[in-house]
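As a plain string of letters, each chain reads:
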Protein chains: 2
Amino acid sequence: MALRHAVLAALLDEELSGYQLTKAFDLGVANFWHAQPQQLYAELTRLEQDGLVTGREVVQDNRPNKRLFRVTDAGLAELEHFTALAAKPSFIRDDLLVKVQAADHVDTETLIARLTERSAFAQAKIDLFGRLLHTMRGDRTEEEFLRHGERIGPYLTCLRGLAFEHGNRDWCERAAAVLRERQGAHVRN
Amino acid sequence: MALRHAVLAALLDEELSGYQLTKAFDLGVANFWHAQPQQLYAELTRLEQDGLVTGREVVQDNRPNKRLFRVTDAGLAELEHFTALAAKPSFIRDDLLVKVQAADHVDTETLIARLTERSAFAQAKIDLFGRLLHTMRGDRTEEEFLRHGERIGPYLTCLRGLAFEHGNRDWCERAAAVLRERQGAHVRN
DNA sequence: GGGCTCATGTAAACTGTTACATGATTAC
DNA sequence: GTAATCATGTAACAGTTTACATGAGCCC
C-alpha cells in the first residue's frame, strides 16, 4: 500500500490537484514513485474518505474548477507509522534486462537498438534531474544545501533517481559496446 | 507480459523445474526479474499450453517427482519477437524512497534505521553478485570473458544488478550521513 | 518431535494498466 | 480547424501478492 503513502509524501510540500499530481507521478518526471492518473484520482478519493487528506474546491475562470488537496494531521501520523515499518526490498523489473538476458539467442542488431534507445531516455532523465536539483538548491552548493536546507527529502530522492539513470545509461553503453565488438569479431572471422 | 519472456529467458541455459525457477526469481538472487513462486507455476502451465516450453517428468527417489522445462523453437521465436518491441521504460518504485521523500516530516532516527537496513541488504547482494560474476567468468578477466565468452547475457544482467545495488548502498549511506549530521547540528543548537 | 527443504498447486485479495468518456480553453 | 492542455472520472482487464493446502524426507 505504498501508493497512498507516496501521494501523502507528494502533498507534504504543497497543495495539489489530482491533475497536478499526475504530472508529478509521470514517467518523465517521477523520481520516487510512478503511477497512472487513474490510480491517483482513485487514491485521492480514498484518502479523503479516510480523512488523511482534505480537498477544497478552487473555482477558476477559463479553466475547469479543480480540487486542491493537503495532508491532514491524521495523514501525517499515517506517514509516520508507515516510515516505522521495515521497507520492502526493491528490485529491478525491467523488460530490457529480460532481452539482454536472452543475448546470444536473439538478434544482436535488435538488442543494440533497444540499448541505444534506453540510453538516450536515461540521458534525458539525467538532464532533467540535474536541472531539478539545481532548482531546489538554488545558488548553494550541494553540501551546503544538504547541511542547512529546510526541505531535503525531495532533493535526496532526486539524487537517487539521478544515480539510477546514470547507472542505466552507463550500463546500456557498456552492453551495447560489448555486443558491437563481438559482432565485429564475428563478421571478421 | 514480460513475465513469460523472463521465464523463457531463464530457461535458455538449462532445463529447470518450477521449484528451481522460484529460486532463480527469488528476491535474494534475481538479477533481471523478480516473481513469486505462484506466478511461476501458473506461467509455466500457460507456457506449456501455448507450446512455448515443454516439460518432462523426472522421477526421483527420496524426493517428490518434478517436471523439468525447456524452451521450444516456438518459445525462442516468441523471445525474438519480444526483443524487437520497444522496451518499456523502467522506473524505481521503492517504499524507502517514499519514506525519504517525507524526511523533515517524519522521525529522523527511524529513517536512519531504514536506510541502514537497506544498505546492509544491498551490501549482501553486492557480495552475492560479485561471487556470481566470478563463477560465470571463471579465471578469465571480465574484458576477456565479455569478448570471447560463449554466453554473456546473464553476465551482463548481473552487472546491471551489481551496479544497481552499489547505487542503493552508496545512496543509503549518503542519505543516512546527511540526516545524522543535521540531527547532530540540531541537537547542538 | 519440530523445523527446514523439496515440490506443486488453488483461491482470494490487492495493485496497476488500458480503454473509454466528457468538455472547455489556448496555441499554431 | 486541429492539436494540446486543463480537469476528472468509470469500467474492464492484466498482473502481483498473500493465504491456504498437501505431503514426503532430512537434520538436530
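As annotated in an unreviewed UniProt entry, chain A carries the name PadR family transcriptional regulator and is attributed to Planotetraspora mira.

S.K.: So, the packing of aromatic side chains: which residues are in play, and what are the values?
M.R.: Per the counting criterion, the structure on display carries 5 aromatic pairs over all chains. Judged by centre distance (4.8 Å) and plane angle (50°), the rings of Phe145 of chain A and Tyr155 of chain A are tilted. Taken together, the positions of Phe145 of chain A in helix α7 (residues 142-148) and Tyr155 of chain A in helix α8 (residues 153-188) put the pair 10 residues apart, joining distant regions of the chain. Judged by relative accessible area, Phe145 of chain A falls into the buried class, the value being 2%. The exposure class of Tyr155 of chain A is buried, given its relative accessible area of 0%. Here Lys99 of chain A stacks its cationic end above the ring of Phe82 of chain B, 4.5 Å away from the centre of that ring.

S.K.: Lay out the interface of chain B and chain A in plain terms, naming residues and giving numbers.
M.R.: Counting from both sides, the interface comprises 74 residues of chain B and, opposite them, 73 residues of chain A. For the pair chain B and chain A, the summed buried surface comes to about 6,900 Å²; carbon and sulfur atoms form 60% of the total. Seen at the junction of chain B and chain A, the total is 8 salt bridges. The residue Arg174 of chain B makes a salt bridge to Glu143 of chain A at a minimum N-O spacing of 2.8 Å. The tally of links from chain B across to chain A stands at 42 residue pairs in polar contact (both at pLDDT 80 or more). Of all the secondary structure elements, the ones that give two or more residues to the side of chain B that touches chain A are α1 (2-10), α4 (73-84), α5 (95-101), α6 (108-137), α7 (142-148) and α8 (153-188) of chain B. Of the residues assigned to the side of chain B that touches chain A, the class counts are 38 nonpolar, 15 polar and 21 charged.

S.K.: Any chance you could break down unusual backbone geometry for me, citing the residues and the numbers?
M.R.: For residues besides glycine, phi is generally negative; the peptide bonds are generally trans as well. Look at Asp104 of chain A: it is not a glycine, yet its phi comes out positive at around 80°. Position of Asp104 of chain A relative to the elements: it lies in the loop between α5 (95-101) and α6 (108-137). One non-glycine residue, Asn62 of chain B, lies in the positive phi region at around 70°. Of note, Asn62 of chain B is situated in the loop between β2 (53-58) and β3 (66-71). What makes Asn62 of chain B exposed here is its relative accessible area of 82%.

What counts, and at which threshold
Every chain is numbered independently, its residues counted from 1 as its sequence is written. Both sets of labels track the order of writing: A upward for chains, 1 upward for ligands. Selection of residues for local features in this predicted model requires a pLDDT of at least 70, selection of side-chain atom pairs for listing and counting requires 80 or more, and totals for whole chains, interfaces and linings are taken over all residues. Excluding hydrogens and water, the side-chain figures rest on all heavy atoms present in the structure. Stacked, edge-to-face and tilted are the three classes for Phe, Tyr and Trp ring pairs, Trp counted by its six-membered ring, which pair at centre distances within 6.5 Å; planes under 30 degrees apart are stacked, over 60 edge-to-face, the rest tilted. In DSSP terms, a helix is any run of H or I states spanning at least four residues, a strand is any run of E spanning at least two, and both are numbered starting from the N terminus. Classification of residues uses two cut-offs on accessible area relative to the type maximum, computed with a 1.4 Å probe and protein chains only: under 20% is buried, over 50% is exposed, and between them is partly exposed. In our convention, an over-ring charge means Lys NZ or Arg CZ found within 6 Å of a ring centre and within 35 degrees of that ring's normal. Any two residues whose heavy atoms approach within 4.5 Å are treated as being in contact. Here the quantity called buried area is the accessible surface, traced with a 1.4 Å probe, that two parts lose on coming together, added over both. Whenever a carboxyl oxygen of Asp or Glu lies within 4 Å of a side-chain nitrogen of Lys or Arg, that contact is scored as a salt bridge. In the analysis that follows, any N or O atom pair within 3.5 Å is treated as a polar contact, provided that within protein one partner can donate a hydrogen and the other can accept it, and provided that, for residues neighboring in sequence, both atoms belong to side chains. Classes in brief: Ala, Val, Leu, Ile, Met, Phe, Trp, Tyr, Cys and Pro nonpolar; Asp, Glu, Lys and Arg charged; the others, Gly included, polar.

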